[in-house]
Amino acid sequence: MKSKNLAFIGIFAALVIVLQAIAEITRLLGLPMSLALGLIPVLVAAQLKGPKVGAAVGLVFGLTSMTLALIAAASMPIARVTVNPLVSVVPRILVGVVCGGVYKLSARNAVSKPRRIFNSVAATLSGIITNTALYLGMFLAFAYGRTFEETTIDFKWVLASVVALNTVVEVVAFTLIVPAVVISVENWRKGNGKQI
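Residues numbered from 1 in each chain as written. Predicted model: local features only at pLDDT ≥ 70, side-chain atom pairs only at ≥ 80, totals over all residues. Heavy atoms only, no water.

Attention now moves to the nonpolar core. In terms of nonpolar packing, the biggest core is built from 30 residues, with Leu-39, Leu-43, Val-44, Val-57, Phe-174 and Val-178 touching the most fellow members. Mapped onto this core, the elements with two or more residues apiece are helix H1 (3–28), helix H2 (39–49), helix H3 (51–72), helix H5 (90–106), helix H6 (113–143) and helix H7 (155–192). If we ignore the near neighbours within four places in the chain, the residues touching Val-57 are Ile-9, Phe-12, Val-16, Pro-41, Val-42 and Ala-45. Formed by 11 residues, the second largest nonpolar core is a distinct cluster that contains Tyr-135, Phe-139, Ala-143 and Val-158. (Core = buried A, V, L, I, M, F, W, Y, C linked by side-chain atoms within 4.5 Å. Buried < 20%, exposed > 50% of the residue type's maximum accessible area, 1.4 Å probe, protein only. Helix = DSSP H or I, 4+ residues; strand = E, 2+ residues; numbered from the N terminus. Contact = heavy atoms within 4.5 Å.)

Turning our attention to the environment of Tyr-135. Of note, Tyr-135 is situated in helix H6. Separated by 45 residues in the primary sequence, Tyr-135 and Val-90 place their C-alpha atoms 8.4 Å from one another. Dropping the residues within four chain positions of it, Tyr-135 is found in contact with Thr-82, Val-87, Pro-91, Arg-92 and Thr-130. Among the polar contacts listed, one links the side chain of Tyr-135 to the side chain of Thr-82, at a separation of 3.1 Å. (Polar contact = N/O pair within 3.5 Å; in protein donor to acceptor, adjacent residues only side chain to side chain.)

With that settled, consider the UniProt feature "transmembrane region" (unreviewed entry) in the chain. Under the UniProt annotation, "transmembrane region" (unreviewed entry) lies at residues 31–48, 55–79, 85–105, 117–145 and 157–185. Helix makes up 95% of residues 85–105 and strand 0%. Its end C-alpha atoms lie 29 Å apart. (UniProt positions renumbered as here; feature names shortened; annotations may be inferred.)

Evaluation of the coordinates by the stated rule reveals 1 salt bridge. In this structure, Glu-186 engages Arg-116 in a salt bridge whose closest nitrogen and oxygen atoms are separated by 3.6 Å. Pair noted here: Glu-186 is in helix H7 and Arg-116 is in helix H6, with a separation of 70 residues, a long-range link. Note on accessibility: Glu-186 and Arg-116 belong to one class, buried. (Salt bridge = Lys/Arg side-chain N within 4 Å of Asp/Glu carboxyl O.)

Given a rise of 1.5 Å per residue, 17 residues ought to cover 24 Å, and the 24 Å separating the end C-alpha atoms of H5 matches this to within 8%. Buried within H5 are the following residues: Pro-91, Arg-92, Val-95, Gly-96, Cys-99, Gly-100, Gly-101 and Tyr-103. (Expected span 1.5 Å × (residues − 1).)

Glancing now at the packing of H5 against H6. Where H5 contacts H6, the axes come no closer than 8 Å and their chain directions differ by 155°. Relative to H6, the element H5 lies roughly antiparallel. Considering only the axes of H5 and H6, their crossing is right-handed. The residue inventory of the contact of H5 with H6, partitioned by class, reads 12 nonpolar, 8 polar and 2 charged. (Axes fitted to C-alpha atoms, helices over the stretch in contact; angles between N-to-C directions. Parallel < 35°, antiparallel > 145°, perpendicular 65-115°, else oblique. Left-handed = near helix turned anticlockwise from the far one by under 90°. Nonpolar A, V, L, I, M, F, W, Y, C, P; charged D, E, K, R; others polar.)

For the structure on display, the rule yields 2 aromatic pairs. Relative to Phe-12, the ring of Phe-8 has its centre 4.3 Å away and its plane inclined at 20°; by these criteria the two rings are stacked. Of this pair, Phe-8 and Phe-12 are both found in helix H1, 4 residues apart, which corresponds to roughly one turn of the helix. By the burial criterion, Phe-8 is buried, and Phe-12 matches it. (Phe/Tyr/Trp six-rings, centres within 6.5 Å; stacked < 30°, edge-to-face > 60°.)

This is the structure in structure tokens:
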């Protein structure tokens, strides 16, 4: 991997850690949901640098999620499920691969700004859907039917507590934020003849 890509991954890894720490702090302060803010740098990196770099930043997001779950597991037994790397790490790596792949395939012939925005929104949505489907799918695979502090994990619980809140907010917010960042960086890069 080129040293330029390693520097890029390092910067985006730091963003993942800071944003996911902020998400965890807001949840601890009483926000009724846990947003995957660390997903934003994964989506941006995958679109700007491709599936390999997206996967590397996704790995950092997964390891960060797993570490936060390990810390929380003592006070929140349900977090023990997320300590499993099949739940917390693998889906996040695949987010980078899928999002980067979708953007790379769709951006080949995209010249107009509306088309580039559409491609970025499509890639962002593919990443969010990948994260939600794989994370929750693996979570259910390891926790379905188990009871944690009077809450039994089933499809109804997942739909009511996770998909209804988190996914809707992430879709709305991330499809506004990520394309704005990606298109801005691409415009800057083209205007200055720079590579990042």
